[in-house]
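Chain by chain, the residues run as shown.
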Amino acid sequence: MKVEDLEMYGKALEMPKEGQRKQMKIVFNLLRKEFGIIGILGIVKGVNNHAKRIRREYPEAVKKARGISEVFEKELTMMGSLFSAIADKRGRTKAQEFMIGMMRNVAAFSMPAIYQISDLVKCEGDVFDNYKKMNRALFNETNRMGTWKHDGFHETDDLLDFKVTTCVNIELWEAIDCPELNVLGCEHDLAGYPLIEEATKSEFRRHCTLAKGGDCCHFKFYRKGAAPNDAHLNN
């Protein structure tokens, strides 16, 4: 089997349905731990109310998200309404902390699913070369969709390097008055990429992100053993 034959090849950070169910279970367990079973009922009510509010107050942002994909629209309203419902209970700072923690927990499952790691490692050819192909296909698709535009790939045998220059997540989170969520994708990556390094024979570096004040998100995927000793600077 070639890497190009994988179901997730060329998908734009899209979670398989099985992965979506797993994510929901993780989120439910975190909410139960934080608020208890009774408290979850109030959160659910708040999420429903805020989802309606977001669609009513920010129709242009919702329309833009829908233009990208139905999944993108659903994630915008769900994450925005969940953050807002928690903020009603605990304040915006605590709500942001919860959402970041949630994304870090979800990444342990979502990152291997996005890259279809269990099958990727079985594909013919060099594992790291196939991983580079998966990344090129993934980020070319996000570039085509306009969600994350990049400046083109710079590649050697031991490195795939590119800069994401626009992030629609930032635009849309701010459009629905949830700028605290700008960093969620960054935190997901910081938690998730190191977890698949061993399987993909890679090392992840990204010292600059748009959401954290940089002029780009500078992705570098090194072959294992080729990266500089600066993982502590990942952002």
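Let me begin by describing the structure that accompanies this report. Predicted model only: the values in this text are computed from it and were never measured. (Residues numbered from 1 in each chain as written. Predicted model: local features only at pLDDT ≥ 70, side-chain atom pairs only at ≥ 80, totals over all residues. Heavy atoms only, no water.)

**Brief notes about unusual backbone geometry**
Put simply, the test is: Under the scheme used here, helices are H or I runs from DSSP no shorter than 4 residues and strands are E runs no shorter than 2 residues, and both carry numbers assigned from the N terminus. Think of it in three bands: residues with accessible area under 20% of the maximum for their type are buried, residues over 50% are exposed, and the middle band is partly exposed, with areas taken using a 1.4 Å probe on protein chains only.
You will see that Gln-116, though not glycine, has its phi angle at about 50°, which is positive. Turning to its location among the elements, Gln-116 is positioned in the loop between α4 (92-114) and α5 (117-120). In this structure Gln-116 comes out as buried when scored by relative accessible area, which is 14%. The phi dihedral of Lys-201 is positive, around 55°, even though this residue is not glycine. For Lys-201, the position within the fold is in the loop between α9 (197-200) and β4 (202-205).

**Examining the packing of helix α2 (residues 59-68) against helix α7 (residues 168-175)**
Rules: To obtain each axis, a line is fitted to C-alpha atoms, and for helices this fit is confined to the stretch in contact; angles are then taken between N-to-C directions over 0 to 180 degrees. Any angle that is under 35 degrees is reported as roughly parallel, and any over 145 degrees as roughly antiparallel; angles of 65 to 115 degrees are reported as roughly perpendicular and all others as oblique. The handedness criterion is simple: a crossing whose near helix is rotated anticlockwise from the far helix by less than a right angle is left-handed, and one whose near helix is rotated clockwise is right-handed. Should any heavy atoms of two residues lie within 4.5 Å, those residues are considered in contact.
Viewed as axis vectors pointing N to C, α2 and α7 meet at an angle of 150°, and their least axial separation amounts to 9 Å. As the angle between them shows, α2 and α7 are arranged roughly antiparallel. Considering only the axes of α2 and α7, their crossing is left-handed. For the pair α2 and α7, the contacting residues are Ala-61, Lys-64, Ala-65 and Ile-68 in the first and Val-168, Glu-171, Leu-172 and Ala-175 in the second.

**Side note on the nonpolar core**
A general feature of soluble globular proteins is that nonpolar side chains tend to end up buried together. This is how it is decided: We define the nonpolar core as a collection of buried residues of types Ala, Val, Leu, Ile, Met, Phe, Trp, Tyr and Cys that are connected through side-chain atoms lying within 4.5 Å of one another.
One finds Met-99, Tyr-115 and Tyr-193 to be the most contacted residues of the largest nonpolar core, which totals 63 residues. Looking at which element gives the most residues to this core, the answer is α4, with nine residues. Once you skip the residues sitting within four places of it in the chain, Tyr-193 turns out to touch Met-111, Tyr-115, Tyr-131, Asn-135, Phe-139, Phe-204, Phe-219 and Phe-221.

**Points about α4**
It helps to recall that an α-helix has 3.6 residues per turn; residues three or four apart then point in one direction. Stated formally: We define the bend at each residue as the angle formed by axes fitted to the 7 residues ending at it and the 7 residues starting at it.
The largest bend along α4 measures about 45° and falls at Ala-107. For α4, the set of buried residues is Ala-95, Phe-98, Met-99, Ile-100, Met-102, Met-103, Val-106, Ala-107, Ser-110, Met-111, Ala-113 and Ile-114.

**Considering the pattern of salt bridges**
Condition: A side-chain nitrogen of Lys or Arg and a carboxyl oxygen of Asp or Glu constitute a salt bridge if their distance falls within 4 Å.
All told, the structure shown has 20 salt bridges when counted by the stated rule. The partner of Glu-57 in a salt bridge is Arg-53, and the shortest N-O contact between them spans 3.3 Å. Here the residue Glu-57 and the residue Arg-53 both occupy positions in helix α1 (residues 17-57), the gap between them amounting to four residues, near one helical turn. Given a relative accessible area of 18%, Arg-53 falls into the buried group. A salt bridge links Asp-189 to Arg-206; its shortest N-O distance comes to 2.6 Å. Taken together, the residues span a long stretch of sequence, with Asp-189 in helix α8 (residues 184-192) and Arg-206 in the loop between β4 and β5 (217-223) at a distance of 17 residues. The structure contains a network of salt bridges with shared partners spanning Asp-126, Asp-129, Lys-132, Arg-136, Glu-155, Asp-158 and Arg-223.

**Details of the packing of aromatic side chains**
Note the following rule: Stacked, edge-to-face and tilted labels apply to pairs of Phe, Tyr and Trp rings (six-membered ring for Trp) whose centres lie within 6.5 Å, assigned for plane angles under 30 degrees, over 60, and everything in between, in that order.
The full count for this structure, using the stated rule, is 14 aromatic pairs. With a centroid separation of 6.3 Å and 25° between ring planes, the pair formed by Phe-162 and Phe-221 is classed as stacked. Taken together, the residues span a long stretch of sequence, with Phe-162 in strand β3 (residues 159-167) and Phe-221 in strand β5 at a distance of 59 residues. Each of the two residues, Phe-162 as well as Phe-221, counts as buried. Cluster of aromatic residues (ring-pair linked, three or more members): Tyr-115, Tyr-131, Phe-139, Phe-153, Phe-162, Tyr-193, Phe-204, Phe-219 and Phe-221.

**Focus on the environment of Glu-60**
Among the structural elements, Glu-60 can be located in helix α2. Spatially, the C-alpha atom of Glu-60 lies 26 Å from that of Cys-217, the residues being 157 residues apart in sequence.

**A closer look at the packing of α2 against helix α3 (residues 70-90)**
To be explicit about the condition: Amino acids outside the nonpolar list (Ala, Val, Leu, Ile, Met, Phe, Trp, Tyr, Cys, Pro) and the charged list (Asp, Glu, Lys, Arg) are all regarded as polar, and Gly is one of them.
One way to put it is that α2 packs onto α3 with a least axis distance of 5 Å and a crossing angle of 145°. Facing Ala-61, Val-62, Ala-65, Arg-66 and Ile-68 of α2, the residues of α3 in contact are Glu-70, Phe-72, Glu-73, Leu-76 and Thr-77. Grouping the amino acids of the contact of α2 with α3 by side-chain chemistry returns six nonpolar, one polar and three charged.

**Here we look at a nonpolar patch on the surface**
The criterion, for reference: Each patch is built from salt-bridge-free residues with over 30% relative accessible area, joining like charges within 9 Å and nonpolar side chains (Val, Leu, Ile, Met, Phe, Trp, Tyr) within 5 Å. Residue exposure ignores everything except the shown protein chains as possible cover, and the areas themselves are Shrake-Rupley values with a 1.4 Å probe.
Together, Phe-28, Ile-37, Ile-38 and Leu-41 make up an exposed nonpolar region whose accessible area comes to about 440 Å². Along the polypeptide, Ile-37 turns up in helix α1.

**Quick word on α8**
Among all positions in α8, only Leu-184, Cys-186, Glu-187, His-188, Asp-189 and Gly-192 are buried. Close packing links the buried residues of α8 with α3, α4, β4 and β5.

**Section: the state of the cysteines**
Put simply, the rule is: Cysteine sulfur pairs qualify as disulfides if the two atoms are within 2.5 Å.
Here the structure, examined in full by the defined rule, presents zero disulfides. A disulfide-free cysteine, Cys-217 has its sulfur positioned 5.7 Å from the sulfur of Cys-186, the nearest such atom.

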